[in-house]
Amino acid sequence: MTFFQRLITISMVVLGTVLTRFLPFLLFPAGKPTPKYIQYLGKVLPPAVFGLLVVYCLKNVSVFSGSHGIPEAVSIALVIVLHLWRRQMLLSIAGGTLCYMLLVQFIL
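Residues numbered from 1 in each chain as written. Predicted model: local features only at pLDDT ≥ 70, side-chain atom pairs only at ≥ 80, totals over all residues. Heavy atoms only, no water.

(A) The packing of aromatic side chains, seen in detail. Summed over the entire model, instances satisfying the criterion amount to 0 aromatic pairs. Looking at arginine 86, its charged tip hangs above the ring of tryptophan 85, at a distance of 5.1 Å from the centre. (Phe/Tyr/Trp six-rings, centres within 6.5 Å; stacked < 30°, edge-to-face > 60°. Lys NZ or Arg CZ within 6 Å of the ring centre and 35° of its normal.)

(B) Up close: the environment of threonine 34. Mapped onto the elements of the fold, threonine 34 is located in the loop between helix H1 (3-27) and helix H2 (36-58). Measuring from C-alpha to C-alpha, the distance between threonine 34 and leucine 98 comes to 38 Å, with 64 residues separating the pair along the chain. (Helix = DSSP H or I, 4+ residues; strand = E, 2+ residues; numbered from the N terminus.)

(C) Focus on the packing of helix H3 (residues 70-86) against helix H4 (residues 89-107). Interhelical geometry of H3 versus H4 gives an angle of 155 degrees and a closest axis separation of 8 Å. Taken together, the axes of H3 and H4 are roughly antiparallel relative to one another. For the pair H3 and H4, the sense of crossing is right-handed. Each of Pro71, Glu72, Val74, Ser75, Leu78, Val79, Leu82, His83 and Arg86 in H3 lies in contact with H4, whose residues at this interface are Leu91, Ser92, Gly95, Gly96, Cys99, Tyr100, Leu103 and Val104. Residue classes in the contact of H3 with H4 are distributed as 10 nonpolar, 5 polar and 2 charged. (Axes fitted to C-alpha atoms, helices over the stretch in contact; angles between N-to-C directions. Parallel < 35°, antiparallel > 145°, perpendicular 65-115°, else oblique. Left-handed = near helix turned anticlockwise from the far one by under 90°. Contact = heavy atoms within 4.5 Å. Nonpolar A, V, L, I, M, F, W, Y, C, P; charged D, E, K, R; others polar.)

Encoded structure:
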């Protein structure tokens with residue numbers, strides 16, 4: 001890439017970041033009530049995205065070859081247990097990811 005192309009690329013990334021950070025505050029100021037459809041999306045999108053991620057992560061798991069999906073099943077169970085125990089999403093995700101990586105690399 002030339003210097004000019006790098007400059008354009010960096011500028012577009014900065015512009016995209018600034019727009020996604022500040023646009024919600026401009027569209028929905030603190031003094032006005034949040035529209036009902038935005039509140040609805042705030043309630044339904046997180047579980048939908050989580051479900052989509054689960055499907056995406058498990059789409060290539062084969063129970064008939066290799067480790068038969070055991071690392072995935074154990075890691076999913078750990079995520080569920082951690083989430084029910086602590087109710088902290090970051091802990092659940094990190095624990096499940098760490099468990100999966102350790103199982104795949106060292107045990108199974």
